[in-house]
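# Reading the structure
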Amino acid sequence: MIDAHISGACSEAASAQGHVVRVLPVDEDIAVGPGESLMAAAQRSGYKWPTVCGGQGTCRTCYVELREGIDQCAPIGSLEQEGIQALKKPVDGWTRLACQLRISGDGVVVVKRGVRARKH
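Residues numbered from 1 in each chain as written. Predicted model: local features only at pLDDT ≥ 70, side-chain atom pairs only at ≥ 80, totals over all residues. Heavy atoms only, no water.

## What to know about the pattern of salt bridges
Applying the stated rule across the entire model yields five salt bridges. Here Asp 27 and Arg 22 are joined by a salt bridge, their closest N and O atoms 3.1 Å apart. Taking the relative accessible area as the measure of exposure, Arg 22 reaches 2% and is therefore buried. Here Arg 96 ties to Glu 80 by a salt bridge, and the two come within 2.7 Å at their closest N and O atoms. Here Arg 96, found in strand S5 (residues 95-97), pairs with Glu 80, found in helix H3 (residues 78-86); they are 16 residues apart in sequence, far enough to count as distant. Each member of the pair, Arg 96 as well as Glu 80, carries the same accessibility label: buried. Salt bridges sharing common partners tie together Arg 22, Asp 27 and Asp 29. (Salt bridge = Lys/Arg side-chain N within 4 Å of Asp/Glu carboxyl O. Buried < 20%, exposed > 50% of the residue type's maximum accessible area, 1.4 Å probe, protein only. Helix = DSSP H or I, 4+ residues; strand = E, 2+ residues; numbered from the N terminus.)

## Overview of unusual backbone geometry
Of the consecutive residues Leu 24 and Pro 25, the connecting peptide bond is found in the cis state with omega at 5°. Counting through the fold element by element, Pro 25 comes out in the loop between strand S1 (19-24) and strand S2 (28-32). Even without being glycine, Asp 27 reaches a positive phi, approximately 55°. Within the element layout of this structure, Asp 27 appears in the loop between S1 and S2. Unlike most non-glycine residues, Arg 60 shows phi in positive territory, near 70°. With respect to the helices and strands, Arg 60 occurs in the loop between strand S3 (47-48) and strand S4 (63-68).

## A word on the state of the cysteines
The full count for this structure, using the stated rule, is zero disulfides. Cysteine Cys 53 shares no disulfide, and the gap to the nearest cysteine sulfur, in Cys 59, comes to 3.6 Å. Of all cysteine sulfurs, the one in Cys 99 lies closest to Cys 62, which takes part in no disulfide; the gap is 3.7 Å. The class for Cys 62 is buried, based on a relative accessible area of 2%. (Disulfide = S-S within 2.5 Å.)

## Focus: the sheet that holds S1
Taken in spatial order, the five strands line up as S2-S1-S6-S4-S5 in an open sheet, and their pairing is mixed. Of all strands in the sheet, those bounded by a partner on one side alone are S2 and S5. Put simply, the sheet's adjacent strands are angled 40° from each other on average, direction ignored. Across three bridges, the pairing between S4 and S5 is antiparallel. By the bridge assignment, Tyr 63 is partnered in S5 with Leu 97. (Pairing = 2+ DSSP bridges. Axes fitted to C-alpha atoms, helices over the stretch in contact; angles between N-to-C directions.)

## Observations concerning the environment of Gly 55
Along the chain, Gly 55 falls in the loop between S3 and S4. Placed 16 residues apart in sequence, Gly 55 and Met 39 show a C-alpha to C-alpha distance of 7.5 Å.

## Description of the nonpolar core
Ranked by size, the top nonpolar core spans 22 residues in total, and within it Val 21, Ile 30, Leu 38, Trp 49 and Val 110 carry the most contacts. Of all the secondary structure elements, the ones that give two or more residues to this core are S1, S2, helix H2 (38-44), S4 and strand S6 (108-111). With four residues, the single largest contributor to this core is H2. In contact with Val 21, not counting residues within four places along its chain, are Glu 28, Asp 29, Ile 30, Val 32, Leu 38, Ile 103, Val 108 and Val 110. (Core = buried A, V, L, I, M, F, W, Y, C linked by side-chain atoms within 4.5 Å. Contact = heavy atoms within 4.5 Å.)

In structure tokens:
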């Protein structure tokens, strides 16, 4: 379950922009806009997300493990399915490529090591 510290203001802002995704272990909330990938939203919000291909879905470096909210994620497309299979992970919705992952509702929690705030 998502920690209760997501404030009402954060939730209201996210609903205008899309949906909130909690990223662990950095314990940060990222607002993902409609049609926007999780990785693109993180980069727009000032986070550095591990990637080699820049979000093209080919390097698979951006993969995340879902902890909650699988039912709030868009279906896996063919490019993402190929990438997950190449990682030798089950294509069951719990492993996703952040560069391909679209969010349809709140309550999504993912684990991705290496996510960092950009230095200004």
